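Structural overview
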Amino acid sequence: MSDKPALPDLPAGWTGGPPDADALFAMAEAALATMPAVFAPHIEDVVISIEEFADDEMLASLDIEHPYDLTGLYEGRPLTERSIGESGGMPDRVTLYRIPILVEWIETGERLDTLVRHVLIHEIGHHFGYSDDDMHALEDMA
């Protein structure tokens, strides 16, 4: 028997080493492709980006002390707060934070692509007007 901890399950095609921003983006795109078709027209203009960490200003505005505590962020105006005639403005954005996601992956042993999908869907939930409490309740029910 080995005393080494078991490695987390890795996504198909994994070649080793920590995934870079492009690899996480590919996982996010694959996750978007699994969304039910009814959601597609509502999320097609949401910009997905990958950053290493949230900056200090963003963390402070969210009252988050440690950068590892923020894995994703939705920025925009939820669909529930828009009017039909609204146009212009910046596109809605979901940012996935690579290092905190990798830390959570290591700590939980969850498949990385599953974790990326979870964070992405959580943030897209905000685009549809769900609060963190709403989404946690839905996750508990599922």
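Anyway, here's the lowdown on the structure attached to this text. (Residues numbered from 1 in each chain as written. Predicted model: local features only at pLDDT ≥ 70, side-chain atom pairs only at ≥ 80, totals over all residues. Heavy atoms only, no water.)

Here's the deal with unusual backbone geometry
Under the convention used in this document: Working definition: helices are DSSP H or I runs of at least four residues, strands are E runs of at least two. Numbering for both runs from the N terminus.
Even without a glycine there, the phi angle at Asp63 is positive, about 60 degrees. Structurally, the position occupied by Asp63 is in the loop between helix 3 (56-61) and strand 2 (72-75).

Examining the sheet that holds strand 3 (residues 93-97)
Note the following rule: A pair of strands counts as paired when DSSP detects no fewer than two bridges linking them. The angle between two axes is taken between their N-to-C directions and runs from 0 to 180 degrees, where each axis is a line fitted to C-alpha atoms and a helix contributes only its stretch in contact.
Taking strand neighbours across the sheet as the criterion, the 3 strands line up as 1-3-2 in an open arrangement whose pairing is mixed. Strand pairing shows two members of the sheet lacking a second neighbour, strand 1 (47-51) and strand 2, which therefore form its edges. Across the sheet, the axes of successive neighbouring strands diverge by a mean angle of 20 degrees, strand direction being ignored. Where strand 1 and strand 3 come together, 5 bridges link them in parallel fashion. Bridge pairing in strand 3 links Glu51 to Tyr97.

A short note on the packing of helix 4 (residues 98-108) against helix 5 (residues 112-127)
Rule in force here: If an angle is under 35 degrees, it is roughly parallel; if it is over 145, roughly antiparallel; if it lies from 65 to 115, roughly perpendicular; otherwise it is oblique. Note on convention: near helix rotated counterclockwise from far helix by under a right angle means a left-handed crossing. Clockwise means right-handed. We call two residues in contact when some of their heavy atoms are within 4.5 Å. Three classes are used, and their members are as follows: Ala, Val, Leu, Ile, Met, Phe, Trp, Tyr, Cys and Pro are nonpolar, Asp, Glu, Lys and Arg are charged, and the others, Gly among them, are polar.
Running from N to C, helix 4 and helix 5 cross one another at 125 degrees; their axes reach a closest spacing of 10 Å. Between helix 4 and helix 5, the angle falls in the class oblique. For helix 4 against helix 5, the interelement crossing comes out right-handed. Mapping the contact onto sequence places Ile101, Leu102, Glu104 and Trp105 in helix 4 and Leu112, Leu115, Val116 and Val119 in helix 5. Across the contact of helix 4 with helix 5, the residue classes break down as 7 nonpolar, no polar and 1 charged.

Function-wise, these values are silent; they only describe arrangement.
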